[in-house]
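Okay, here's what each chain looks like letter by letter:
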Amino acid sequence: MSSREPIQLERCAGVLVPLFSLRTAGSWGLGELPDLARLAPWMRTAGLRVAMTLPLLEVALGQTSPYSALSAFALEPAFLALDEIEDFRELGGESALEADESSELDRLRQSEQVDWNGVRRLKGRWLRRSFDRFVSSGAAKDSSRARDLASFREQERGWLYDYGLFRALKHAHPDSWWRGAWPAELARRNPASLARARERHAGDIAFYEYLQWLAHRQLEAARAEARREGVLLAGDLPFMVAEDSADAWSRQAELRFDATVGAPPDDYSKEGQDWGLPAYRWDVMERGGYEWLRRRGESAAGAFDLVRVDHAVGFYRTYTRPRDGSAPFFSPAREPEQIHQGEAVFLLLRSGGTFVFAEDLGSVPKYVRQSLTRVGVPGFRVLRWEKDAEVYRDPGEWPALSVATTGTHDTDPLPTWWESLPLAERAAVCKLPALQAVETQRHFTPAVHDALLETVYRSGSRLLLPPMQDLFGWRERVNVPGTVGEANWTWRMRPAVGDLTWEPALAERAHALRRLGEQSGRA
């Protein structure tokens, strides 16, 4: 892909909502790729122009965090909408489900939280049957769809070739490739052994390629439909993939497995965080022109109109934890090298033509924001963290080259945050212009809610991306960092997407958001 200038974004507002959190009548227990477009009519009513979701990449087996990916390019098959698949419809669609399967589907649809294991079991069974139908009907050999699949294979060969084999081998050897569970010749990628494995597992490889073809085509269609509604899609590029991933297996020379990456100690985590992800070999990456990162940037630009780069500081300096228990360290070690590397990476990610912005939160050296500004990449301004000592910075003075928000997928929603503040802290927040008429009472009232939203809507930031919960004043949380639990990454909206437009109280919120957008020059 040739280098081109990123899109220019005018002053506007959007919303952050995980795809899995969207609830529609036809989806199988979590949001599905076409639901991104189904959200667009409500967004248009609310004057919102950007729909941002969390990473859509296939999640490492047995996990639910979208930031622990099985691949840097493959989409999560659980997000596929079966009723959009021709082969599933030819099998009879939902009417073909057995009685126990129909009961299970009803349970998944009504569940308050995403049951990832249940969704994957039921949907996976019918995705395999759909593929078998694709093959047995002859469509896999001679049809327009077969030709489109062949075109997809060729276009995405740079990652799909290794990914398909990796997934087939994972099916045969479920445990981690690098912990000694795979035959050594396959783990070390012996060419002759890989060739034999490719022949032996040809059917499974074709199945996993089929799933990726369907998923990428559904995302393309959702993006096109959203654009017709005037809505842009924003994706999320994770900092790293899981150790047990297709990319880690196929790019072993570029990663180190004797150490993991994480975050250093700070006010929120006295011990720091260990994410259990492999560390970059930055010297090897640089000698190769950061080729893998370039490909990831191009892939993201092909799928989304805007892309958030997760853990931006990690591309400047990676907090590396040796597995032998020795002292953690930053890589690269020196600030000039860190700045050189970070700017090289972000210029490369911007070259794909998408609008790139950086998650520059947490323990971030001052030079990072200065560096991002130099290369034209906006960082985040989170209302609750933008302060000097106990004095909150006026959002009206936030730079245009920034993304304003009330919180992230890792923070408490606005009501919980507000009610947990000490009285003195709430008083400090209420000194901001839009909040001066609000009493410092502990209860999260509609007046407090409206004033907080007005504060970020009137910020100087060109782009505003609050979480969906904060727009409505909901209290459900997506994730608690540093914890592993059943509640993380399972939040589902209580109203269905269609109800947002037609249910009176929800519709009124949409109209209120549009008025706020018009008054602040964002709609």
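Refer to the structure above for everything that follows.
Sequence order as written defines the numbering, with residues in each chain counted from 1. Residues qualify for local features only when their pLDDT is at least 70, as the model is predicted, and side-chain atom pairs are given and counted only at 80 or more; totals for whole chains, interfaces and linings, by contrast, use all residues. Only hydrogens and water are set aside; all other atoms, that is, all heavy atoms of the structure, feed into the side-chain values.

Topic: the overall build of the chain
Secondary structure is summarised from DSSP: a helix means a run of H or I of at least four residues, a strand means a run of E of at least two, and numbering begins at the N terminus for each. Broken down by element type, the chain carries 22 helices and 14 strands. Relative to the 2.2 N^0.38 estimate, which gives 24 Å for 523 residues, the radius of gyration of the chain is 23 Å and therefore close to what a compact globule would have. The 523 residues of the chain split such that 59% are buried. To be clear on the numbers: accessible area is Shrake-Rupley with a 1.4 Å probe, and residue cover counts the displayed protein chains and nothing else. Total accessible area on the chain is roughly 21,800 Å²; 50% of this is exposed by carbon and sulfur atoms. Across the chain, the mean location of the 67 positive side-chain charges is 2 Å away from that of the 74 negative side-chain charges. As defined in this context, the radius of gyration uses C-alpha atoms, and a globule is described by 2.2 Å times the residue total to the power 0.38. Here the term buried applies to any residue with accessible area under 20% of the maximum for its type, exposed to any over 50%, and partly exposed to those in between, with areas from a 1.4 Å probe on protein chains only. This count recognises Lys and Arg as positive and Asp and Glu as negative, with His and chain-terminal groups excluded. Taken as the charge location is NZ of Lys, CZ of Arg, CG of Asp or CD of Glu.

Side note on the sheet that holds strand β7 (residues 318-322)
Adjacent strands of a sheet pair through backbone hydrogen bonds, lying either parallel or antiparallel. Strand order in the open sheet made by the four strands is β5-β4-β7-β8, with antiparallel pairing throughout. The open sheet has two edge strands, β5 (273-280) and β8 (329-331), and neither has a second partner. With strand direction ignored, the average angle separating the axes of adjacent strands in the sheet is 50°. Two strands pair if DSSP finds at least two bridges between them. Note on geometry: axes are C-alpha line fits, over the in-contact stretch for helices, and angles between N-to-C directions span 0 to 180 degrees.

Focus on the pattern of salt bridges
Salt bridges are defined as contacts in which a side-chain nitrogen from Lys or Arg sits within 4 Å of a carboxyl oxygen from Asp or Glu. Going through the model one piece at a time under the given rule, you end up with 48 salt bridges. Residues R251 and E291 are paired through a salt bridge, measuring 3.0 Å at the closest nitrogen-oxygen approach. Of this pair, R251 sits in the loop between α11 (246-250) and β4 (255-263) while E291 is found in helix α13 (residues 291-303), placing the two residues 40 residues apart along the sequence. Overall, the relative accessible area of 16% leaves R251 in the buried class.

What to know about the sheet that holds strand β10 (residues 379-382)
Strand order in the open sheet made by the eight strands is β9-β6-β3-β2-β1-β14-β13-β10, with parallel pairing throughout. The open sheet has two edge strands with one neighbour each: β9 (355-358) and β10. Bridging between β10 and strand β13 (residues 402-405) involves four bridges; their strand directions are parallel. Bridge pairing links G379 to S402 in β13.

Focus on the side chain of R308
Position of R308 relative to the elements: it lies in strand β6 (residues 306-309). Assessed through its relative accessible area of 5%, R308 is described here as buried. For this analysis, residues touch if any pair of their heavy atoms sits within 4.5 Å. Beyond its immediate stretch of four places on either side in the chain, R308 contacts M52, Y67, G235, D236, L237, F357, E359, F380 and H409.

Looking at the packing of helix α19 (residues 446-457) against helix α22 (residues 504-519)
Relative to each other, α19 and α22 sit at 40°, their axes nearing to 10 Å. Relative to α22, the element α19 is oriented oblique. As α19 runs across α22, the sense of the crossing is right-handed. Contacts between α19 and α22 pair H449, D450, L453, E454 and Y457 from the former with R509, L513, L516 and G517 from the latter. A breakdown of the residues in the contact of α19 with α22 according to their chemical character gives four nonpolar, two polar and three charged. Any angle that falls under 35 degrees is termed roughly parallel, while one over 145 is termed roughly antiparallel, one within 65 to 115 roughly perpendicular, and all others oblique. Handedness of a helix crossing follows the sense of rotation of the near helix relative to the far helix, less than a right angle counterclockwise being left-handed and clockwise being right-handed. Only Asp, Glu, Lys and Arg are considered charged, only Ala, Val, Leu, Ile, Met, Phe, Trp, Tyr, Cys and Pro nonpolar, and every remaining residue, Gly among them, polar.

Thoughts on the side chain of S459
Mapped onto the fold, S459 is located in the loop between α19 and β14 (463-464). Here S459 falls in the buried class, since its relative accessible area comes to 1%.

Structural notes on the packing of aromatic side chains
Pairing of aromatic rings covers Phe, Tyr and Trp, the last through its six-membered ring, and needs centres within 6.5 Å; plane angles under 30 degrees mean stacked, over 60 mean edge-to-face, and all others mean tilted. Counted according to the given criterion, the structure contains 35 aromatic pairs. Ring centres 5.2 Å apart and planes at 35° place the aromatic pair F134 and Y210 in the tilted group. Taken together, the positions of F134 in helix α5 (residues 116-136) and Y210 in helix α10 (residues 202-228) put the pair 76 residues apart, joining distant regions of the chain. One exposure class covers both F134 and Y210, and it is buried.

Examining the packing of helix α4 (residues 99-110) against α5
Two numbers describe how α4 lies on α5: the axes approach to 10 Å, and their chain directions differ by 130°. By the angle between their directions, the pair α4 and α5 is classed as oblique. Read as a crossing pair, α4 and α5 show a hand that is left-handed. Contact residues: α4 offers E101, E104, L105 and L108, while α5 offers G118, V119, L122, R125, W126 and R129. In terms of residue class, the contact of α4 with α5 is built from five nonpolar, one polar and four charged.

Observations concerning unusual backbone geometry
For the bond running from S331 to P332, omega is -5°, close enough to zero to count as cis. In this model, A389 sits at a positive phi of 60°, which is unusual for a non-glycine residue. By the secondary structure assignment, A389 is in the loop between β11 (387-388) and β12 (391-392). Take A389: its relative accessible area is 65%, and that puts it in the exposed class.

What about the pairing of strand β3 (residues 232-237)?
Most of β3 sits out of view: six of its six residues are buried. Of the two faces of β3, both are covered, the one formed by L232, A234 and D236 as well as the one formed by L233, G235 and L237. For strand β2 (residues 50-52) and β3, the ladder comprises three bridges, and the chain directions are parallel. Following the sheet pairing, M52 is matched in β3 by A234. Sheet analysis places β3 next to β6, joined by four bridges and oriented parallel. Across the sheet, the residue bridging to D236 is R308, located in β6.

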